[in-house]
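# Summary of the model geometry
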Amino acid sequence: MRSRYTAYARKAFDYILATTDPQRRYDFDHDAAKEWMRTSTFTGLQVLASSEDGNKGVVEFIACFRRNGGREEKHRELSQFRKQAGRWYFRPERGRA
């Protein structure tokens, strides 16, 4: 999770795509992710909770950012991850970025 946050902060879209579950990449809104990245300055990440059960993981977090230089905003999410071949991948919810 922290590496994906860092990739958003550094505007490294290729890393975001590479760490998105290949089985769910079609559910990931690439354009929205690029736009959020382009227009935001990321100011902090707070991991609230995480759990792992075999090849499944969950991370609850708050990402802080400023969009277009405006006021600070917070994005809270409960993200699903899947481990494949020793590597963790973000699993977007179906129909949602």
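Residues numbered from 1 in each chain as written. Predicted model: local features only at pLDDT ≥ 70, side-chain atom pairs only at ≥ 80, totals over all residues. Heavy atoms only, no water.

### A few points about the packing of aromatic side chains
All told, the structure shown has eight aromatic pairs when counted by the stated rule. Each ring, one from tryptophan 36 and one from phenylalanine 42, has its centre 5.1 Å from the other, and the planes form 75 degrees; the classification is edge-to-face. Neither residue differs from the other here; tryptophan 36 and phenylalanine 42 are each classed as buried. Ring centres of phenylalanine 81 and phenylalanine 90 lie 5.8 Å apart, and the angle between their planes is 65 degrees; this geometry places the pair in the edge-to-face category. Per residue, the accessibility class of phenylalanine 81 equals that of phenylalanine 90, and both read buried. Each residue in the set Tyr5, Tyr8, Trp36, Phe42 and Phe65 is aromatic and connected to the rest through ring pairs, giving one cluster. Lying over the aromatic face of phenylalanine 13, lysine 34 brings its terminal NZ or CZ to 4.8 Å of the ring centre. (Phe/Tyr/Trp six-rings, centres within 6.5 Å; stacked < 30°, edge-to-face > 60°. Buried < 20%, exposed > 50% of the residue type's maximum accessible area, 1.4 Å probe, protein only. Lys NZ or Arg CZ within 6 Å of the ring centre and 35° of its normal.)

### Some details on the nonpolar core
Ranked by size, the top nonpolar core spans 16 residues in total, and within it Tyr8, Phe13, Ile16, Phe28 and Phe42 carry the most contacts. At the level of elements, α1 (2-10), α2 (13-18), α3 (30-39) and β2 (56-67) are the ones that each hand at least two residues to this core. If one sorts the elements of this core by residue count, β2 sits on top with four residues. When residues no more than four places from it in sequence are discounted, the contact partners of phenylalanine 28 are Arg4, Tyr8, Phe13, Ile16, Thr20, Ala33, Phe90 and Pro92. (Core = buried A, V, L, I, M, F, W, Y, C linked by side-chain atoms within 4.5 Å. Helix = DSSP H or I, 4+ residues; strand = E, 2+ residues; numbered from the N terminus. Contact = heavy atoms within 4.5 Å.)

### A look at the pairing of strand β1 (residues 40-53)
Examined bridge by bridge, β1 and β2 share twelve bridges and lie antiparallel to one another. The partner of serine 51 across the bridge, within β2, is valine 58. Where β1 folds back onto β2 in an antiparallel hairpin, the turn is made up of two residues, including glycine 54, whose phi is positive at roughly 65 degrees. (Pairing = 2+ DSSP bridges.)

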